[in-house]
Amino acid sequence: MCSDKLSVEFQMVKPIADIRRPAIVQAAIRTIGKHGLPTPSYDLIAQEAEMSRQLVRHYFPNPEELMVSVCDGLAAAYEEALAEGILNADKSGRLSLFLDFYFNFLAGENLAKPMDDGVYDAMMSLATGSEKVRQSLHNHYAQLQSTIAQEVRVNDPSLSRSACHEIGYLFVTLIYGHWKMVASLGFSENNNRVAREAVDRLIASYQMEIGVREKWAV
């Protein structure tokens, strides 16, 4: 009996790499947020992680690999926050939750959008010279596009899959450009409302197009 209990407890203990690597990634995100580019030195990341430089290099000997992990870490922060919010939302309200979250209207409900736009700017800059970083960002934004497209279709099944896919793409371009203006360049956060309402009008325009087609079909 005791041996069985010890076996279960042993299985529950995370390998040290599963603890160290995420901690280093989060330290890299904070370091880039503070210092920007070029790619932060191992010394700065080690200082932020409260680890030795040698330990950081042990887990991430390749700086490019670390930057790809930074991209993954950024995306994971959004996924974790949204997963919590979705648990408390009914099916009909999920699209609004997604849209409100990305324009930071849920901060008062403990669902604040991560304030990591400067780090995303840095990753976009690195993507110009790194195929791995570029592919990582592409995959994460493509996943966001697909997620929004799916939620739009669940919210309004009358919209075609291609229309929902287009809306998803337009949402990604709008949200990225919006936060570059507000978070990176200092435009007023009052524009959060402007951009959020623009998404509603965009979706309504696709719905209106269906209505026009149905009218002419009669």
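Just above sits the structure.
What counts and what doesn't
Every chain is numbered on its own, with residues counted from 1 as its sequence reads. A pLDDT threshold of at least 70 governs which residues receive local features in this predicted model, and a stricter bar of 80 or more applies before side-chain atom pairs are shown or counted, although totals over entire chains, interfaces and linings include all residues. As a rule here, side-chain values come from all non-hydrogen atoms in the structure, and water together with hydrogens is ignored. Segments assigned H or I by DSSP are reported as helices when at least four residues long, segments assigned E as strands when at least two residues long, and all are numbered from the N terminus. Categorising residues by exposure relies on relative accessible area from a 1.4 Å probe, with only protein chains included: less than 20% of the type maximum marks a residue as buried, more than 50% marks it as exposed, and the intermediate range marks it as partly exposed. When checking whether two residues touch, look at their non-hydrogen atoms; a contact exists if any pair is within 4.5 Å. Per-residue and other accessible areas follow the Shrake-Rupley method at a 1.4 Å probe size, with only the shown protein chains counted as cover for residues. Any carboxyl oxygen of Asp or Glu that lies within 4 Å of a side-chain nitrogen of Lys or Arg is treated as forming a salt bridge with it. By this rule, a helix spans an expected 1.5 Å times one less than how many residues it contains. Axis geometry follows a simple rule: fit a line to the C-alpha atoms, using only the stretch in contact for helices, then measure angles between N-to-C directions, giving values from 0 to 180 degrees. Oblique is the label for every angle not falling under 35 degrees (roughly parallel), over 145 degrees (roughly antiparallel), or within 65 to 115 degrees (roughly perpendicular). By definition, any crossing whose near helix is turned counterclockwise from its far helix by less than a right angle is left-handed, and any crossing with a clockwise turn is right-handed. Here the term charged refers only to Asp, Glu, Lys and Arg, the term nonpolar to Ala, Val, Leu, Ile, Met, Phe, Trp, Tyr, Cys and Pro, and the term polar to all other amino acids, Gly among them.

Trainee: A description of the overall build of the protein chain should follow, citing residues and the corresponding values.
Mentor: Along the backbone of the protein chain there are 10 helices and 0 strands. In sequence order, the protein chain lays out its α and β elements as α-α-α-α-α-α-α-α-α-α. Of all 218 residues assigned to the protein chain, the portion counted as buried reaches 37%. In the protein chain, once contacts between residues fewer than 6 apart in sequence are set aside, the share between residues at least 24 apart is 61%. Surface summary for the protein chain: the accessible area is close to 12900 Å², and the carbon and sulfur share equals 56%.

Trainee: Before we move on, can you summarise the pattern of salt bridges with the specific residues and values?
Mentor: For side chains of opposite charge, pairing can occur when their charged atoms come near one another. Tallied over the entire structure, the rule returns 11 salt bridges. Across the pair K180 and D121 runs a salt bridge whose closest N-O atoms are separated by 3.0 Å. Of this pair, K180 sits in helix α9 (residues 161-184) while D121 sits in helix α7 (residues 117-127), and the two are 59 residues apart along the sequence. Since its relative accessible area comes to 24%, D121 is described here as partly exposed. For E131, the salt bridge identified is with R134, shortest N-O distance 2.5 Å. Within this pair, E131 and its partner R134 are both found in helix α8 (residues 131-155), separated by 3 residues, close to a single helical turn. For R134, a relative accessible area of 37% puts it in the partly exposed group. Connected through shared salt-bridge partners, K113, D117, D121 and K180 make up one network.

Trainee: Which residues make up α9, and what values do they have?
Mentor: Here α9 contains 24 residues, and its C-alpha end-to-end distance of 33 Å stays within 8% of the 34 Å for a straight helix at 1.5 Å per residue. For α9, the set of buried residues is A163, C164, I167, G168, F171, V172, I175, H178, W179, K180 and V182. Backbone geometry just after α9 places G186 at a positive phi near 85°.

Trainee: Give me the lowdown on the packing of helix α2 (residues 16-35) against helix α3 (residues 42-49), citing residues and values where you can.
Mentor: Contact pair α2 / α3: the axes reach a minimum separation of 8 Å and the direction vectors enclose 115°. As far as their axial angle goes, α3 and α2 are roughly perpendicular. The hand of the α2/α3 crossing is right-handed. Where α2 abuts α3, its residues A23, I24, A27, A28, R30, T31, K34 and H35 lie against L44, I45, E48 and A49. Of the residues assigned to the contact of α2 with α3, the class counts are 7 nonpolar, 2 polar and 3 charged.

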